[in-house]
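Residue-level listing of the chains:
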Amino acid sequence: MDSKQIKFLTIAISLLLLFVSLTQDAIVVNYSGEVRNDSALGYFLIGAIAFLGGGLFEEIIWLANPLCLLAIIYFLKNNEKAVLLSLIASGLAISFAFWSEILGAESGAMAKIVSFGLGYYLWASSILVLTTGILLNYKMSLKESLQS
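Below: a short report on this structure. (Residues numbered from 1 in each chain as written. Predicted model: local features only at pLDDT ≥ 70, side-chain atom pairs only at ≥ 80, totals over all residues. Heavy atoms only, no water.)

**A few points about the overall build of the protein chain**
Part 1 of the argument: Broken down by element type, the protein chain carries six helices and four strands.
Part 2 of the argument: On the principal axes, the C-alpha backbone points of the protein chain span a range of 65 × 25 × 20 Å.
Part 3 of the argument: When each of the 148 residues of the protein chain is scored for burial, the buried share is 40%.
Part 4 of the argument: For the protein chain, the share of sequence-separated contacts (at least 6 apart) that also reach a separation of at least 24 residues comes to 63%.
Part 5 of the argument: Of the roughly 8,700 Å² that the protein chain leaves accessible, carbon and sulfur atoms contribute 68%. (Helix = DSSP H or I, 4+ residues; strand = E, 2+ residues; numbered from the N terminus. Buried < 20%, exposed > 50% of the residue type's maximum accessible area, 1.4 Å probe, protein only. Contact = heavy atoms within 4.5 Å. Areas by Shrake-Rupley, 256 points an atom, 1.4 Å probe, with all protein chains shown as cover.)

As C-alpha cells, this is what we get:
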C-alpha cells in the first residue's frame, strides 16, 4: 500500500466514523435527578462556544476537533506537524473517558456522567484511526527516506 492509499483510507474512515458518531448519543448524564441522553451532534455544534457558559475544560476537550482538521491538512501536505496534532487530539479524546462530571447548565451546575454512548466511542475512534494512519504513513516515509 502506498502513501496516497494510506492517506485516502485514513481520512475516509476517520471522517466516516466522525459523521456516524454525530448521529448517536455521546453520553448519558444525571442532572438534578433527571437522567438524559445527550447527542454527539449537540456537543459537536456547541462545543466551540462552551467557554461562554463556563465550560473551559469542555472547550479544551472539544479542541480535539479542530486539531484533527489541522492534522488532516498537514497530513495531505506531508507536514510532520500532523503527527503531533493528531497525538494531542487523541490524548484529549481519550482523557474524556476518565471524566465523572460535565457542565450540566450555564449556571455552572455539574451533571454526573452515567455512561458514555456510542457517539463518544465512534468520535474517539475516528481520532484514533486518523492518528494511526498518520503514524503509519510517517513510519513508511521515514523508512523510504532511510533506504534512499
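There's more to say after this.
**Section: the side chain of Ser-90**
Part 1 of the argument: Tracing the backbone shows Ser-90 in helix H5 (residues 81-95).
Part 2 of the argument: Dropping the residues within four chain positions of it, Ser-90 is found in contact with Ile-127, Leu-128 and Thr-131.

**Quick look at the nonpolar core**
Part 1 of the argument: Judged by nonpolar contacts, the single largest core of 29 residues is most densely connected at Ile-27, Phe-96, Ile-102, Ile-113, Trp-123, Ile-127 and Ile-134.
Part 2 of the argument: Breaking this core down by element, the ones donating at least two residues are helix H1 (3-21), strand S1 (25-31), helix H4 (64-76), H5, strand S4 (110-116) and helix H6 (118-147).
Part 3 of the argument: Excluding residues that lie within four positions of it along the chain, Phe-96 makes contacts with Ile-27, Ile-61, Ile-102, Ile-113, Phe-116 and Tyr-120. (Core = buried A, V, L, I, M, F, W, Y, C linked by side-chain atoms within 4.5 Å.)

**Re H5**
Part 1 of the argument: The end-to-end C-alpha separation of H5 is 21 Å, in line with the 21 Å expected for 15 residues at 1.5 Å each.
Part 2 of the argument: Buried residues in H5 make contact with helix H3 (56-62), H4 and H6. (Expected span 1.5 Å × (residues − 1).)

**Brief notes about the pattern of salt bridges**
Part 1 of the argument: Within the structure shown, the criterion is met by one salt bridge.
Part 2 of the argument: Arg-36 is paired through a salt bridge with Asp-38; the nearest N and O atoms lie 2.8 Å apart.
Part 3 of the argument: Arg-36 gets classed as partly exposed once you look at its relative accessible area, which sits at 25%.
Part 4 of the argument: When its relative accessible area of 11% is taken as the criterion, Asp-38 is described as buried. (Salt bridge = Lys/Arg side-chain N within 4 Å of Asp/Glu carboxyl O.)

**Section: the pairing of strand S2 (residues 34-39)**
Part 1 of the argument: Of the strand pairs in this sheet, S1 and S2 are connected by six bridges, and their pairing is antiparallel. Bridge pairing in S2 links Tyr-31 to Glu-34. (Pairing = 2+ DSSP bridges.)

**Brief notes about the packing of H1 against H4**
For any two helices packed against each other, one specifies the crossing angle of their axes together with the interaxial distance.
Part 1 of the argument: Between H1 and H4, whose axes approach to 11 Å, the crossing angle comes to 165 degrees. By the angle class used here, H1 and H4 are roughly antiparallel. Two packed elements cross with a definite hand, and for H1 against H4 that hand is left-handed. Of the residues in H4, those in contact with Lys-7, Thr-10, Ile-11 and Leu-15 of H1 are Ile-72, Phe-75 and Leu-76.
Part 2 of the argument: Taken together, the residues of the contact of H1 with H4 sort by class into five nonpolar, one polar and one charged. (Axes fitted to C-alpha atoms, helices over the stretch in contact; angles between N-to-C directions. Parallel < 35°, antiparallel > 145°, perpendicular 65-115°, else oblique. Left-handed = near helix turned anticlockwise from the far one by under 90°. Nonpolar A, V, L, I, M, F, W, Y, C, P; charged D, E, K, R; others polar.)

Function cannot be read off these values alone, since they describe shape.
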